Amino acid sequence: MKKLILTLALMGCLTAQAGKVLTDSVQSQVLGAQVKYNVYVPNGFDNSQKQYPVVYLLHGFTDDYTAWRDKGQMQTVADELIESGEAREMIIVMPNAGGPNVYETWNGYFNMPGWAYEDFFFQEFMPTVEKKYRVISDKGHRSVMGLSMGGGGCTVYAQRHPDKFSSCYAMSAWLESDGGRQREEGKDDKVFLVTKAVKEHSALDFLRNADASTLEQLRTVKWFFDCGDDDFLFDLSIEIHKLMRQKRVKDELRIRNGQHNWEYWHQAIRIALPFASRNFDR
């Protein structure tokens, strides 16, 4: 009986320490749509007026805002890392920028004809979310990270807006494309346009063309690239790391055993959240 009581008490303590994932939405004038998102809030959020650092966690192509919650088990991972002291208490925002029906649903984090997502993200989404969820709204308390399409998105966001983010963690990042040449324009425009947008916002070209002033700004961001050795996007992570070294922009590169799948990203996020935490201002 005593053992049962002790077990129930321990379960109660674990439950009490749990954060939660909420589903919310933003009405966007830029996109002309209601845009859903998930947000992780740590234990105690509802009962305090505390302000928190924030991570923007971007999903990949064919996924949506539910992916990190459902496939990535974000709540469990964040709870464990915060409880162990490996990560700080933080807000984790998982925006929507796509969906599985890629021929009929907009996918992508960049501006393209009919889908000005980058404008939406910085002009509408970030200000709304940060006010509502008591985020410390400065560079020193803001990180961006993501996988695949979101890995490219977070890299380009930090390149183009280095004043906004203290760190960037890109997993299996889609950093470059052939510009949509393998698609037939007009037949499946939404896939064509996102592929073209990745080319037009190439993270590799950005580095190749960066002037001295831009490079100085990039050096104010902490960079981390993480890719599996059997990932079909492997060469892009190697290439951006080489460019970073040539341009004297310090970054970290991790190549681990793995492919372009959730088994790999489950491990990556356990590295990514502590990395963001270490680089937040105190």
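Residue numbers restart at each chain and count upward from 1, following the sequence in its written direction. Two thresholds apply to this predicted model, a pLDDT of at least 70 for residue-level local features and 80 or more for giving and counting side-chain atom pairs, whereas whole-chain, interface and lining totals are computed over all residues. Where side-chain values are given, they derive from all heavy atoms of the structure, hydrogens and water being excluded.

### Focus on the pattern of salt bridges
Logical step 1: Whenever a carboxyl oxygen of Asp or Glu lies within 4 Å of a side-chain nitrogen of Lys or Arg, that contact is scored as a salt bridge. Under the counting rule described, the total for this entry stands at 14 salt bridges.
Logical step 2: The closest approach of N and O atoms between K20 and D46, which form a salt bridge, is 2.4 Å. Remark: D46 occurs in the loop between β2 (33–41) and β3 (54–58) and K20 occurs in strand β1 (residues 20–28); sequence separation between them is 26 residues.
Logical step 3: By relative accessible area, which is 35% here, K20 ends up partly exposed.
Logical step 4: The salt bridge partner of E130 is R142, with a shortest N-O separation of 2.8 Å. Residue E130 is found in helix α4 (residues 117–132), and its partner R142 is found in strand β7 (residues 142–147); the two are separated by 12 residues along the sequence.
Logical step 5: Salt bridges here are not isolated pairs; linked through shared partners, they connect D205, R208 and E239. In this description a helix means any DSSP run of H or I spanning at least four residues, a strand means any run of E spanning at least two, and both kinds are numbered starting from the N terminus. For every residue, the accessible area obtained with a 1.4 Å probe (protein chains only) is divided by the maximum for its type, and the residue is called buried under 20%, exposed over 50%, and partly exposed between those limits.

### What to know about the packing of aromatic side chains
Aromatic ring pairs are reported here in terms of the distance separating the ring centres and the angle at which the planes meet.
Logical step 1: Working definition: a ring pair exists when centres of Phe, Tyr or Trp rings (six-membered ring for Trp) sit within 6.5 Å. Plane angles under 30 degrees give stacked, over 60 give edge-to-face, the rest tilted. Taken as a whole, this structure holds 25 aromatic pairs when the rule is applied.
Logical step 2: An angle of 85° between the planes, with centres 5.6 Å apart, marks the rings of Y109 and Y117 as edge-to-face.
Logical step 3: Owing to a relative accessible area of 1%, Y109 belongs among the buried residues under this scheme.
Logical step 4: Ring geometry for F121 and Y157: centres 4.9 Å apart, planes at 50°, overall tilted. Of this pair, F121 sits in helix α4 while Y157 sits in helix α5 (residues 149–160); the two residues are 36 residues apart in sequence, bridging distant segments of the chain.
Logical step 5: Here, a charge over a ring means that NZ of Lys or CZ of Arg falls within 6 Å of the ring centre while also lying within 35 degrees of the ring normal. One cation-aromatic arrangement involves K190 over W106; the distance from NZ or CZ to the ring centre is 4.7 Å.

### Some details on the pairing of strand β10 (residues 251–256)
Logical step 1: At least two bridges found by DSSP between two strands is the condition for calling them paired. Across 6 bridges, strand β9 (residues 222–228) lies against β10 in parallel orientation. When the bridges of β10 are listed, W223 appears paired with D251.

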